[in-house]
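Each chain, written out:
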Amino acid sequence: MKIVLTGGAGYIGTHTAVVLLQNGNDVITVDNYSNSTEEALRRVMLITGKPLIMYDCDLRDERKLERIFRENGPVDCVIHFAGYKSVGESVTHPIEYYENNIHGTLSLIKCMRANSVGSLIFSSSATVYGMENLSPCRESMPRGHCINPYGWTKWFSEQIIEDTVKADRSFSAVILRYFNPAGAHESGLIGEEPNGIPNNLMPYITQTAAGKREKLIIFGNDYSTPDGTCRRDFIHVMDLAEAHMKAAEYLMKHDGLEIFNIGTGMPYSVLEVVDMFQTANCVSVPYEFGNRREGDIPECWADVKKADEQLGWKARRSLSDMCVDAWNWQRKNPDSY
Ligand code: NAD
Ligand code: WQD
């Protein structure tokens, strides 16, 4: 297959590119490097020993995007990763988030249809289940009320894709709702590159273990969970990458729209993650308990039956693997790429 990855230079895009190239696909990345570097893509080629085609292009530049599709046609499938992803930043800069994530999605879909490309895989998030759906989250649950603009951009993008599929029988899509991606490629050559102070748990842990942060603050230990800290469904980024390969194969055989949760189905608490990280890597992660973080829900994990039965995909890697690979990436790249 010839597959276009928007946002292909980012954290999940690079890992997915590795899996796609290793499975004999042609990969074309379209990225404006607003949160990534070309070096990440050079590392993808180093890991796989295969070339890929990369374009420096903002998705909202419809003319340039159109040229890329024309020059590289026929494209079999598009995986749409590009977008801003920081929850906190979306609260302080909502317009930039709606502008980039929604306009980017609209521009891409228009270009795909103009070039008769009818298969789209979209990076959505467990955040669309909102506060009111209880875990395990099932794809059949109605989307919930999002608590930040980032979440709404995923909610609206899902709706835009759903409406396009309804209106155009030649356009099909798979929406993947990721739970909490973590870890890195086992080579330690590619991984997550947080911008400034990390918001997410795993990069905060790795930077604390590396001595770049003094200590981890665990946001709340008075939740109604077994150890009082929040529980999440952490999914290894390489398992997540493999889910995209399965989704692309699925789209070649099925029409319409399907939504799949991509998680392990197994929640771990924040304290369990910290303990596992320390044990698996024999390092210390200083931490203390702090106040709850606004907007956090006590528990969130996936029902993963649908992905198993229909996509033929299941997570294979453990929380220990995520901790080991995240630490390997941090140690080999103390200042990122
Ligand atoms: P990332 O920031 O590492 O990758 C996104 C890429 O998109 C970056 O390389 C960035 O430069 C690029 N980009 C942003 N706006 C663009 C534009 N207008 N035109 C072209 N390129 C643009 O993020 P990631 O962690 O790899 O996430 C990929 C996707 O998965 C995002 O849509 C994100 O919202 C979604 N997602 C991520 C997580 C997570 O925890 N990492 C969880 C659920 C969903
Ligand atoms: C996990 C747990 C924190 C940092 C977010 C987005 C979601 C998706 C994945 C994109 C929580 C606790 C964290 C710290 C802590 N992203 N924590 N101290 O909030 O589950 O999900 O990322 O789509 O949309 O909302 O992930 O990694 O931020 O937090 O105690 O310094 O770790 O309170 O319980 P979250 P996270």
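Residues numbered from 1 in each chain as written. Chains lettered and ligands numbered in written order. Predicted model: local features only at pLDDT ≥ 70, side-chain atom pairs only at ≥ 80, totals over all residues. Heavy atoms only, no water.

Draft legend 1. Local environment of the site of ligand 1. Looking at ligand 1, there are 27 residues lining it, with Asp31, Asn35, Ser36, Asn100 and Tyr150 nearest. Within the backbone of serine 34, an N or O atom sits 3.0 Å from an oxygen atom of ligand 1. Between lysine 154 and ligand 1, the recorded distance is 2.9 Å, taken from a side-chain N or O atom to an oxygen atom. Taking 820 Å² as the accessible area of ligand 1 by itself, protein coverage stands at 95%. Counting residues per element, the shell around ligand 1 draws most heavily on strand 5 (residues 119–125), at three residues. (Near = heavy atom within 4 Å. Polar contact = N/O pair within 3.5 Å; in protein donor to acceptor, adjacent residues only side chain to side chain. Areas by Shrake-Rupley, 256 points an atom, 1.4 Å probe, with all protein chains shown as cover. Helix = DSSP H or I, 4+ residues; strand = E, 2+ residues; numbered from the N terminus.)

Draft legend 2. Looking closely at the nonpolar core. Counting 40 residues, the largest nonpolar core has Leu5, Ile121, Val174, Leu176, Phe260, Ile262 and Leu311 as its most contacted members. Mapped by element, the contributors of at least two residues to this core are strand 1 (2–6), helix 1 (11–22), helix 2 (38–48), strand 4 (77–80), strand 6 (172–178), helix 8 (237–253), strand 11 (257–262) and helix 10 (305–311). Tallying contributions element by element places helix 8 first for this core, with 10 residues. (Core = buried A, V, L, I, M, F, W, Y, C linked by side-chain atoms within 4.5 Å. Buried < 20%, exposed > 50% of the residue type's maximum accessible area, 1.4 Å probe, protein only.)

Draft legend 3. Highlighting the domain arrangement of the protein. As assigned here, the protein comprises domain 1 (2–183 + 235–263) and domain 2 (201–231 + 266–301 + 317–332). Computed over C-alpha atoms only, the centres of domain 1 and domain 2 are separated by 27 Å. Contact residues are listed per partner, giving 16 residues for domain 1 and 12 residues for domain 2. Area buried by domain 1 at its contact with domain 2 is led by Ser135, Gly183 and His236, which between them contribute 37% of it. At the junction of domain 1 and domain 2, the tally comes to two salt bridges. Note that arginine 317 and aspartate 239 form a salt bridge whose closest N and O atoms lie 2.6 Å from each other. Counting the contacts that link domain 1 with domain 2 gives five residue pairs in polar contact (both at pLDDT 80 or more). (Domains from an automatic or database assignment. Contact = heavy atoms within 4.5 Å. Buried area = accessible area lost by both parts, 1.4 Å probe. Salt bridge = Lys/Arg side-chain N within 4 Å of Asp/Glu carboxyl O.)

Draft legend 4. The confidence of the model for the protein, seen in detail. Here the protein averages 97 in pLDDT, and 100% of its residues register 70 or above. Across the predicted assembly, pTM comes out at 0.98 and ipTM at 0.99. (pLDDT = per-residue confidence, 0-100.)

Draft legend 5. How the structure looks around the sheet that holds strand 14 (residues 299–300). Read across the open sheet, the three strands follow the order 12-9-14; overall the sheet is mixed. On the outer flanks of this sheet lie strand 12 (268–269) and strand 14, each paired with one strand and no other. Looking at chain direction, strand 9 (residues 231–232) and strand 12 are connected through two bridges and run antiparallel. Note on strand 12: the bridge partner recorded for arginine 231 is serine 269. (Pairing = 2+ DSSP bridges.)

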